[in-house]
There are 2 protein chains.
Amino acid sequence: GEKVEIFKYIFMKWTLCFLVGVMGGLVGFFINLAVENVAGTKFVITSNLMLDRKFMHAFGSFAAINLGLTLFSAIITAFISPAAAGSGIPEVKAYLNGVDAPGIFSVRTLVVKILGNISVVSASLYVGKAGPMVHTVSCIAALLSQGGSKKYRLTWRWLRFFKNDRDRRDLITCGSAAGLAAAFRAPVGGVLFALEEMASWWRSALLWRTFFTTAVVAVILRGLIDVCNSGKCGLFGKGGLIMFDVTSTNTSYHVADVPIVLLLGFIGGLLGSLYNSLLDKTLRVYNYINNKGRAQKIILACTICVVTTFLLFGLPWVSKCKPCPADASEACPTIGRSGNYKNKNTDAEFQPTSLLIFFVTNYFLGILSYGIAAPTGLFVPIILTGASYGRFIGRLSGSRTSLNHGLFAVLGAASFLGGTMRMTVSLCVVLLEITNNLLLLPLVMLVLLVSKTVADMFNNNIYDIIMKLKGFPYLEAHAEPYMRQLTVSDVVKGPLQSFDGIEKVQNIVHVLKTTGHNGFPVIDGPPFSDYRAWFGLILREHILVLLRKKNFLSVPQPTGTDAFKQLSSDDFAKKGSGKADKIEDIEITEEEMEMFIDLHPFTNASPYTAGETMSLAKALLMFREAGLRHLLVVPKDSGLKGKPCSLCIALRVPLTVHVAAVTYAEAACRGNSN
Amino acid sequence: GEKVEIFKYIFMKWTLCFLVGVMGGLVGFFINLAVENVAGTKFVITSNLMLDRKFMHAFGSFAAINLGLTLFSAIITAFISPAAAGSGIPEVKAYLNGVDAPGIFSVRTLVVKILGNISVVSASLYVGKAGPMVHTVSCIAALLSQGGSKKYRLTWRWLRFFKNDRDRRDLITCGSAAGLAAAFRAPVGGVLFALEEMASWWRSALLWRTFFTTAVVAVILRGLIDVCNSGKCGLFGKGGLIMFDVTSTNTSYHVADVPIVLLLGFIGGLLGSLYNSLLDKTLRVYNYINNKGRAQKIILACTICVVTTFLLFGLPWVSKCKPCPADASEACPTIGRSGNYKNKNTDAEFQPTSLLIFFVTNYFLGILSYGIAAPTGLFVPIILTGASYGRFIGRLSGSRTSLNHGLFAVLGAASFLGGTMRMTVSLCVVLLEITNNLLLLPLVMLVLLVSKTVADMFNNNIYDIIMKLKGFPYLEAHAEPYMRQLTVSDVVKGPLQSFDGIEKVQNIVHVLKTTGHNGFPVIDGPPFSDYRAWFGLILREHILVLLRKKNFLSVPQPTGTDAFKQLSSDDFAKKGSGKADKIEDIEITEEEMEMFIDLHPFTNASPYTAGETMSLAKALLMFREAGLRHLLVVPKDSGLKGKPCSLCIALRVPLTVHVAAVTYAEAACRGNSN
């Protein structure tokens with residue numbers, strides 16, 4: 001009975017979260033394993049040649065491997081799935097806001113994202129793997145929720161429950177949390193990241209389920225790392241994730257240290273907003289190049305690779321080596337030739353000039369590398385850049401503060417993350433989980449607050465900038481002041497097409513062919529009703545189902561519940577992204593054109609409505625809070641006999657501020673039932 | 001100009017958060033300081049008498065001090081502010097959901113809450129200070145947001161910006177986060193607690209501001225503790241907050257330890273749900289006693305105090321002492337007489353029987369102590385109970401697991417918290433911040449997930465149970481299945497009173513006197529409009545302002561914007577809780593009764609509306625998501641000429657399931673504009 005179905009549904013919901021967690025953990029681990037083995041092998045080859053003093057050979061093989069990997073990544077991205085380029089976080093964020101960019105959750109995107117990211121990171125480019133991992137796991141969640149991929153015959157019948165927008169959205173939210181959790185081994189940070197940065201609609205039940213997903217990720221990762229500790233994973237763990245090892249160092253601090261921390265936050269904010277604006281400009285140039293063709297895309301990626309390789313190989317020669325001091329407490333670390341080290345594990349570990357060079361290289365290579373045609377992340381370059389400038393400031397401040405320089409690096413990373421990404425609680429928790437030191441909390445909070453506040457004065461956060469460049473019509477949570485002066489009837493999209501409760505097939509086909517709207521009001525009127533009044537809202541995709549099933553009537557009369565006999569709930573299940581029906585694909589004969597459809601049984605008779613005098617700001621709030629795609633605007637005189645019933649639908653697109661971006665966006669969202 | 005006003009507003013918003021943080025830190029510190037000094041002095045006196053072997057004297061003074069403190073707390077609670085009794089978290093949670101219980105945010109409640117909690121905790125009763133601290137800081141936030149208290153002449157003119165529901169609600173949310181942060185020194189935990197447990201409406205901007213508030217709390221607390229470390233705070237820090245010191249112990253764990261952790265979670269879920277149901281029953285009995293009169297209230301509190309004192313003094317005699325072993329690595333801890341200690345700092349530190357006795361005492365005394373007429377918290381007794389049974393299970397499992405027994409205590413506390421309070425992420429983060437050990441994360445997550453899932457099968461979380469007992473009409477986030485079968489027109493409160501756009505004073509006064517509604521639809525009709533149609537929604541409190549200002553017209557004609565000349569925005573500012581105008585207090589002469597008011601300028605012409613066919617489930621969602629108090633139900637034939645315009649308002653009360661509770665609730669919320 002119904003109870004069994006409900007139980008099945010709840011069971012499946014948790015099972016899917018569990019699967020997302022397991023797959024997230026496995027994929028995250030696999031990516032790390034692959035990167036460390038590929039990159040590790042490369043470094044072993046290069047370093048062995050260096051030990052034999054074959055420097056040109058070493059450079060040659062280093063450059064060749066880098067170029068080969070970059071080329072592979074750029075080619076699969078350009079030819080197989082252009083949607084896999086970049087971080088993927090903006091796309092997922094836009095999807096969770098209701099913008100369904102084409103191809104972002106397809107199987108080919110998933111494959112290209114994983115392989116492309118492994119090779120581009122192994123090629124030593126200044127790109128990260130956290131963002132792509134968020135996209136990857138979200139993509140897995142999306143594929144699971146739509147019951148696999150029909151194209152590749154990977155479908156599961158028992159996943160049909162989830163073929164609706166809400167469950168898919170919730171599962172993708174869990175996926176994004178699991179992705180970040182897998183990238184940083186930060187389960188709580190992942191939950192907060194999904195809450196703060198990704199999700200536009202959040203319910204407290206989701207907190208609970210997201211938390212479960214990231215807990216599964218954490219357990220899986222721990223299990224796999226236990227396996228690897230017994231030495232079965234090749235070079236894995238020899239290099240490792242970025243880890244600020246400040247657990248051992250003294251992290252005491254006093255009120256006297258607050259000014260320098262504030263300064264760090266302030267500089268982080270300035271550098272961060274500058275980073276965002278430079279990245280914005282760079283991406284505009286890159287978009288221009290990338291749009292010229294696939295060859296140009298690949299050449300651009302290779303150019304960046306060559307520049308990076310030269311810098312990586314050349315810059316270490318700038319810094320002088322110091323001999324290993326005789327009184328060192330432990331043996332100097334070395335690879336085959338002793339005596340070369342740079343004061344490890346002390347505040348003087350790095351020389352100021354080295355730090356400065358490292359910072360500048362990171363800062364600009366990070367900006368230049370993001371926009372290439374490959375799956376590139378932003379987190380790691382930003383953390384590295386921030387850490388290097390934090391440590392640099394630590395060196396400069398000298399004896400004026402008692403803070404450890406490693407701590408300066410963490411705070412620098414925090415300030416730069418705050419200045420670019422503008423998250424607060426989630427970044428704070430992620431950093432705490434990376435450093436495994438809760439005593440840092442007040443300092444990290446302080447730095448994040450200052451850097452975000454400073455940076456917010458200049459521009460938007462980095463993901464919003466990228467979304468704007470991509471032209472996604474993202475719905476902000478806040479209404480602009482001018483929206484209070486407008487009413488919904490001012491922006492309603494018109495002239496509006498509406499259907500009668502029992503409508504001629506010909507009219508329906510004509511309207512569907514001539515408009516791009518995805519929702520239509522249904523109007524009742526004489527002779528079936530005393531007066532003309534709105535009945536409800538019907539979706540384009542549901543009308544298409546009716547047309548395809550050819551549920552036609554030869555005379556206009558109400559069908560009642562009989563209408564459902566020929567249809568199952570499966571017919572109305574949400575299609576996978578980009579797989580929506582098209583009116584052009586449905587063939588209808590001349591005879592059928594003269595027949596009728598009773599739309600009543602398939603119409604949502606309980607849509608969200610707004611009075612025509614509702615302010616635009618309030619309507620925007622409704623769209624955001626209730627997660628709407630259509631809002632029925634009802635005129636106050638809707639029931640008047642003589643007057644035609646002038647119903648309208650406010651679409652999400654007119655609500656966004658930047659009308660110039662909208663045209664592009666409408667093209668981009670063709671697969672979407674906005 | 002307007003920009004200056006906006007800047008002022010933003011500046012004030014952050015300043016208020018800062019003030020809430022500062023006051024939260026100070027008050028939290030003060031409460032701890034007071035408790036540790038009062039209770040510490042008591043223990044010093046008792047223990048000195050014990051050392052002189054004057055056991056009856058010792059018991060006498062111990063009992064006398066406890067009884068005196070309890071008596072003080074019960075008397076101020078019963079006579080000055082009954083609203084200060086209990087934890088306060090349910091009240092604050094209900095307020096954030098839109099239920100304004102009388103007196104919960106008054107100055108006298110604040111004072112009683114602080115003093116009463118200090119004395120009742122110092123009296124060694126099994127009650128905590130976390131819940132009262134949340135209420136205290138929320139109360140401070142509420143008072144700040146309404147510009148101080150007029151009654152005590154503590155008002156600030158520059159706080160007038162915040163005299164509206166939304167800003168007050170946001171600030172109280174920050175206050176609740178700051179309260180928890182102050183109680184546990186857990187700033188991130190505080191933010192998550194506010195998000196997960198307290199807030200019904202959450203915006204991402206709020207995350208940011210709450211975070212700022214708790215950061216301030218953390219900095220203030222750290223500064224004050226630095227001051228105290230130099231020994232200026234009497235006995236403070238000698239006893240201290242509950243702190244699980246597991247930083248030093250080995251926290252490694254393996255897959256083999258998972259079953260016992262799952263078992264721990266399972267038992268925690270069972271014990272937790274039993275705790276909730278026993279507390280429910282106990283509170284029903286206590287309510288019966290407490291409602292009989294103040295004397296009965298005070299007697300009940302004293303009875304619990306006497307029972308607790310006997311157990312506290314008597315139970316340690318049950319346990320045998322062991323001689324200090326000669327090979328102990330450090331000197332045995334003692335107070336004046338050597339040789340008496342119980343295997344400190346090893347897994348055998350506590351004997352199983354001691355643990356069992358401690359657990360049982362805690363479990364039942366926690367249940368019995370909560371409902372007395374005093375500010376009592378739930379967190380600490382629950383943590384203690386959970387820790388003791390966790391450690392007991394650790395002892396029982398013996399050598400079957402390699403987990404440290406201290407770790408068992410933490411996991412036991414987590415499972416019991418999960419089983420009673422049913423929070424997940426926030427409890428997890430709070431526990432991590434208390435223990436300062438992130439490696440515990442996966443285990444704590446696992447335990448919380450299991451215990452919450454198990455406990456959810458039996459009953460609701462502890463705060464919801466208390467809210468239900470208090471009769472608050474709390475709006476759940478989920479709609480019950482039957483609500484999908486009903487439409488808003490089925491539950492609309494009727495017969496509905498509405499006003500014409502230009503209405504006679506007499507009619508208005510009559511309607512306000514004879515109904516309890518707080519919102520009224522305004523209808524336009526001939527001769528001022530072509531047909532009768534709804535114009536908007538006006539609030540009772542705004543009508544009262546107009547009546548008080550006697551803005552009357554001798555002839556029915558539209559006034560336009562002239563109407564605002566006599567009124568400032570201050571007149572419409574939200575009154576402090578419990579200070580709303582009453583229609584009975586406004587005197588209107590016979591002559592004025594015959595005059596008119598033009599309601600148009602003061603009517604919200606852009607209210608949220610619902611078609612009469614909207615399902616109840618969807619309406620509930622709108623109430624929750626958009627934070628509504630009124631919803632205008634518009635019939636589809638609203639504009640028909642002949643028909644009377646049958647507008648209705650769906651109130652929040654009919655949406656709650658338990659109609660029996662509603663009558664009580666309406667009485668409780670008299671001060672509220674629901």
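Here we summarise the structure given alongside this text. Worth saying up front: this structure is predicted, and the values here are computed from it rather than measured.

What counts, and at which threshold
- Residues numbered from 1 in each chain as written.
- Chains lettered and ligands numbered in written order.
- Predicted model: local features only at pLDDT ≥ 70, side-chain atom pairs only at ≥ 80, totals over all residues.
- Heavy atoms only, no water.
- Pairing = 2+ DSSP bridges.
- Helix = DSSP H or I, 4+ residues; strand = E, 2+ residues; numbered from the N terminus.
- Contact = heavy atoms within 4.5 Å.
- Axes fitted to C-alpha atoms, helices over the stretch in contact; angles between N-to-C directions.
- Buried < 20%, exposed > 50% of the residue type's maximum accessible area, 1.4 Å probe, protein only.
- Salt bridge = Lys/Arg side-chain N within 4 Å of Asp/Glu carboxyl O.
- Patch = residues over 30% accessible without salt bridge, like charges linked within 9 Å, V, L, I, M, F, W, Y side chains within 5 Å.
- Areas by Shrake-Rupley, 256 points an atom, 1.4 Å probe, with all protein chains shown as cover.
- Buried area = accessible area lost by both parts, 1.4 Å probe.
- Polar contact = N/O pair within 3.5 Å; in protein donor to acceptor, adjacent residues only side chain to side chain.
- Nonpolar A, V, L, I, M, F, W, Y, C, P; charged D, E, K, R; others polar.
- Least-squares fit on C-alpha atoms with pLDDT ≥ 70 in both.
- Left-handed = near helix turned anticlockwise from the far one by under 90°.
- Phe/Tyr/Trp six-rings, centres within 6.5 Å; stacked < 30°, edge-to-face > 60°.
- Right-handed = clockwise from strand over helix to strand, strands pointing away.

1. Focus on the sheet that holds strand S3 (residues 499-500) of chain A
Residues and elements named next belong to chain A. Strand order in the open sheet formed by three strands is S3-S5-S6, with mixed pairing between adjacent strands. Sheet topology places S3 and strand S6 (533-539) at the edges, where each strand pairs with a single neighbour. Where strand S5 (residues 519-524) lies against S6, six bridges are found, and the strand directions are antiparallel. Bridge assignment links Pro521 to a residue of S6, and that residue is Leu537. Where helix H19 (residues 540-549) meets the sheet, its contacts fall on S3, S5 and S6, and the angle it forms with S6 comes to roughly 80°.

2. Brief notes about helix H21 (residues 616-626) of chain A
Of all the 11 residues making up H21(A), eight are buried; the element is thus mostly covered by neighbouring parts of the structure. Where H21(A) terminates, the next one or two residues include A:Gly627, which has phi positive at roughly 65°.

3. A word on the pattern of salt bridges
Residues and elements named next belong to chain B. Counted under the stated rule, the structure contains 16 salt bridges over all chains. Of the charged contacts in the structure, one is a salt bridge between Glu197 and Lys93, with a shortest N-O distance of 2.9 Å. With a gap of 104 residues between them, Glu197 in helix H7 (residues 187-198) and Lys93 in helix H3 (residues 89-97) connect regions that are remote in the sequence. The exposure class of Lys93 is buried, given its relative accessible area of 4%. A salt bridge links Glu592 to Lys550; the nearest nitrogen and oxygen atoms lie 3.3 Å apart. Residue Glu592 is located in helix H20 (residues 590-593), and its partner Lys550 is located in the loop between helix H19 (540-549) and H20; the two are separated by 42 residues in the primary sequence. The exposure class of Glu592 is buried, given its relative accessible area of 15%.

4. Section: a nonpolar patch on the surface
The grouping of A:Leu71, A:Ile75, A:Phe79 and A:Ile80 at the surface amounts to a nonpolar patch, some 320 Å² of accessible area in total. With respect to the helices, strands and loops of the structure, A:Phe79 is situated in helix H2 (residues 55-79).

5. Re the interface of chain B and chain A
Facing 62 residues of chain B, the contacting portion of chain A comprises 62 residues. At the boundary of chain B with chain A, total buried surface from both sides reaches about 5600 Å², with 70% on carbon and sulfur atoms. At the boundary of chain B and chain A, one finds four residue pairs in polar contact (both at pLDDT 80 or more). Looking at the side of chain B that touches chain A, the elements that each hand over two or more residues are H7, helix H8 (204-229), helix H14 (425-435), helix H15 (441-456), strand S6 (533-539), strand S8 (609-611) and helix H21 (616-626) of chain B. Among the elements that make up the side of chain B that touches chain A, the one with the highest residue count is H8(B) (10 residues). A per-class count over the side of chain B that touches chain A returns 36 nonpolar, 15 polar and 11 charged.

6. Focus: the relation of the copies chain B and chain A
The two chain copies are related to each other by a rotation about an axis together with a translation along it. Note on the copies: chain B fits chain A at an RMSD of 0.1 Å, the axial shift is 0.0 Å, and the rotation between them is 180°. The symmetry that links the two subunits is that of a two-fold axis. Comparing contact sets, 100% of the residues at the interface of chain B also lie at the interface in chain A, consistent with an isologous, same-surface contact.

7. Looking at the packing of helix H13 (residues 405-421) of chain B against H15(B)
All names here are of chain B. Between H13 and H15, whose axes approach to 8 Å, the crossing angle comes to 35°. In terms of crossing hand, the pair formed by H13 and H15 is right-handed. Between H13, through Leu407, Leu411, Ala414, Ser415, Gly418 and Gly419, and H15, the contact on the second element is made entirely by Leu443, Val444, Val447, Leu448, Ser451, Lys452 and Ala455.

8. Describing the packing of aromatic side chains
Residue and element names in this part refer to chain B. Here the structure, examined in full by the defined rule, presents 37 aromatic pairs over all chains. A centroid spacing of 6.0 Å and a plane angle of 40° characterise the contact between Phe62 and Phe313, whose relative ring orientation is tilted. Separated by 251 residues along the polypeptide, Phe62 in helix H2 (residues 55-79) and Phe313 in helix H10 (residues 294-314) bring together distant segments of the chain. On the basis of relative accessibility, which here comes to 14%, the residue Phe313 falls in the buried class. Note on Phe499 and Phe520: the rings are 5.1 Å apart at their centroids and 50° apart in plane angle, and the pair reads as tilted. Here Phe520 lies in strand S5 (residues 519-524) and Phe499 lies in strand S3 (residues 499-500), a separation of 21 residues in the sequence.

9. Looking at the sheet that holds S3(B)
Residues and elements named next belong to chain B. Ordered by their spatial adjacency, three strands build an open sheet running S3-S5-S6, and the pairing between neighbours is mixed. If you trace the sheet from one side to the other, it starts and ends with S3 and S6, each paired once. Sitting on the sheet, H19 is in contact with S3, S5 and S6, with an inclination near 80° to S6.

10. Re the pairing of strand S9 (residues 630-634) of chain A
Within a regular strand, the side chains alternate between the two sheet faces. All names here are of chain A. Where burial is concerned, most of S9 is hidden: five out of the five residues are buried. Relative to S9, strand S8 (residues 609-611) is paired through three bridges, and the arrangement is parallel. Each residue of the ladder has a partner; that of Ala610, found in S9, is Val633. Tracing the backbone out of S8, into H21 and back to the parallel element S9 gives a crossover that is right-handed.

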